[in-house]
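# Remarks on the overall topology
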Amino acid sequence: METITISSKLNFPEHIIVDGIVFHCVKNQQGEQTFAALEKGRKIDQSPTYVQALLKGVSYRDLPLEIRINNKPFSRKVGTYYVPKYATIDELARFFDSVAPIYHKIVLTEATKAIISLLLRAVIPKDEDAATILDFGVGVGLSTEVVREEYSAKSIHLCGVDISSKMVAISKQKGIEAHKIDGFNTPFPNDYFDGVFASFVAHYLQSFEPFSEMCRVLKSRGVLAFNLRRPPENWQQHYKSKLEEVGFCNFSWCSGSIKLQSDGTVYPKGYPYTIVQVEKP
Ligand SMILES: C[S@@+](CC[C@H](N)C(=O)[O-])C[C@H]1O[C@@H](n2cnc3c(N)ncnc32)[C@H](O)[C@@H]1O
């Protein structure tokens, strides 16, 4: 039977209806609530429609970190949307293809742009009038909006890579030179970019190979900066040693929170971020 299992302190309704299918809720001894579609032949697809319907009205901060769809774990990663845990590159690309057209509605665009602004500040060389910057995991190209708003006095050439063809298409429409590439192997020559950044991407990378690639394409003394949504335990030592292993130096980081009102929602405690910065020797 197709099921969605939600483990949280919240109490969900006894049944919900999505696309005309009734989902019944059963609570198990661990307090988990399982929604089962009893109608035969109706599949819960892995598009987030069902999960979204179940979680409609639940405040952002109360959303469970993980749910299971047909016993496969999904983690909350993009706004209120859930991504397969340990997703393969193909699964991730499919997921981002499916959310690309609604991306601006499901992320806190202004908060994301504020973080991109901090990352750009870290990677754009201060004393140069022109720079070529790689946006790794470019998504819908929000960086081009930030560059236009904040760097009109400089000549910044943005280049983006992303695994999702739909994301790449949207970025291209905004004028970014964007490539559909998995980020493990890019077509750029060695020592090409003045700066490289990745916003809301690092938590999807399941190996450090892409960081090695970012190091290869970065010029000497160039900076790589990326943000982490929720740094895991012992993350500093973990990232520092791995980034040094692939060739970076001068590891530093900062944490803070962005306070703003976006999409009509106020975040009294702010939107937390951690930014990691390293340099190529
Ligand atoms: C949460 S989105 C962030 C998009 C954009 N950086 C932003 O801040 O709005 C993560 C992006 O990373 C891309 N991505 C994930 N893994 C990648 C990889 N290995 N190589 C290139 N892009 C990747 C996804 O396709 C997606 O567009």
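This is a predicted model, so every value here is computed, not measured.

With that settled, consider the overall build of the protein chain. Within the protein chain, the regular secondary structure consists of 8 helices and 16 strands. Taken over C-alpha atoms, the radius of gyration comes to 20 Å for the protein chain, in line with the 19 Å a tight globule of 281 residues would show. Expressed as a percentage of its 281 residues, the buried residues of the protein chain come to 34%. Contacts spanning at least 24 positions in sequence make up 67% of the contacts within the protein chain whose residues lie at least 6 apart.

F96, G137, G139, G183 and S199 are the nearest of the 22 residues found near the ligand. Of all the elements in the fold, those that place two or more residues in the shell around the ligand are α2 (89-99), α4 (109-123) and β9 (155-162). Split by residue class, the shell around the ligand holds 14 nonpolar, 6 polar and 2 charged.

What follows deals with the packing of α4 against helix α5 (residues 142-150). In the contact formed by α4 and α5, the axes pass within 9 Å of each other and the chain directions differ by 65°. In terms of axis orientation, α4 runs roughly perpendicular to α5. Considering only the axes of α4 and α5, their crossing is right-handed. Residues T109, T112, K113, I116, S117 and L120 of α4 form the contact with α5, whose own contacting residues are L142, S143, E145, V146, V147 and E150. Grouping the amino acids of the contact of α4 with α5 by side-chain chemistry returns 5 nonpolar, 4 polar and 3 charged.

For α4, spanning 15 residues, the distance from its first C-alpha to its last is 21 Å, which sits close to the expected 21 Å at 1.5 Å a residue. Here α4 has its buried residues at A111, T112, K113, I115, I116, S117, L119, L120 and V123.

Here we come to the confidence of the model for the protein chain. On average, residues of the protein chain score 85 in pLDDT, and 90% of them are at 70 or above. Confidence scores differ between elements of the protein chain, with strand β15 (residues 265-266) showing the lowest mean pLDDT of 50 and strand β11 (residues 193-198) the highest of 98.

Attention shifts here to the pairing of strand β7 (residues 81-84). Relative to β7, strand β6 (residues 72-78) is paired through 4 bridges, and the arrangement is antiparallel. Bridge pairing in β7 links R76 to Y82. As consecutive antiparallel partners, β6 and β7 are separated by 2 residues, and within that stretch G79 has a phi angle of approximately 55°, a positive value.

Before going further, it helps to spend a moment on the domain arrangement of the protein chain. For the protein chain, the assigned domains are domain 1 (3-86) and domain 2 (109-279). The gap between the C-alpha centroids of domain 1 and domain 2 is 32 Å.

The rules we used
Residues numbered from 1 in each chain as written. Predicted model: local features only at pLDDT ≥ 70, side-chain atom pairs only at ≥ 80, totals over all residues. Helix = DSSP H or I, 4+ residues; strand = E, 2+ residues; numbered from the N terminus. Rg over C-alpha atoms; globule rule 2.2 N^0.38 Å. Buried ≥ 20, exposed ≤ 12 C-beta atoms within 10 Å, placed from the backbone. Contact = placed C-beta atoms within 7 Å. Near = placed C-beta within 6 Å. Nonpolar A, V, L, I, M, F, W, Y, C, P; charged D, E, K, R; others polar. Axes fitted to C-alpha atoms, helices over the stretch in contact; angles between N-to-C directions. Parallel < 35°, antiparallel > 145°, perpendicular 65-115°, else oblique. Left-handed = near helix turned anticlockwise from the far one by under 90°. Expected span 1.5 Å × (residues − 1). pLDDT = per-residue confidence, 0-100. Pairing = 2+ DSSP bridges. Domains from an automatic or database assignment.

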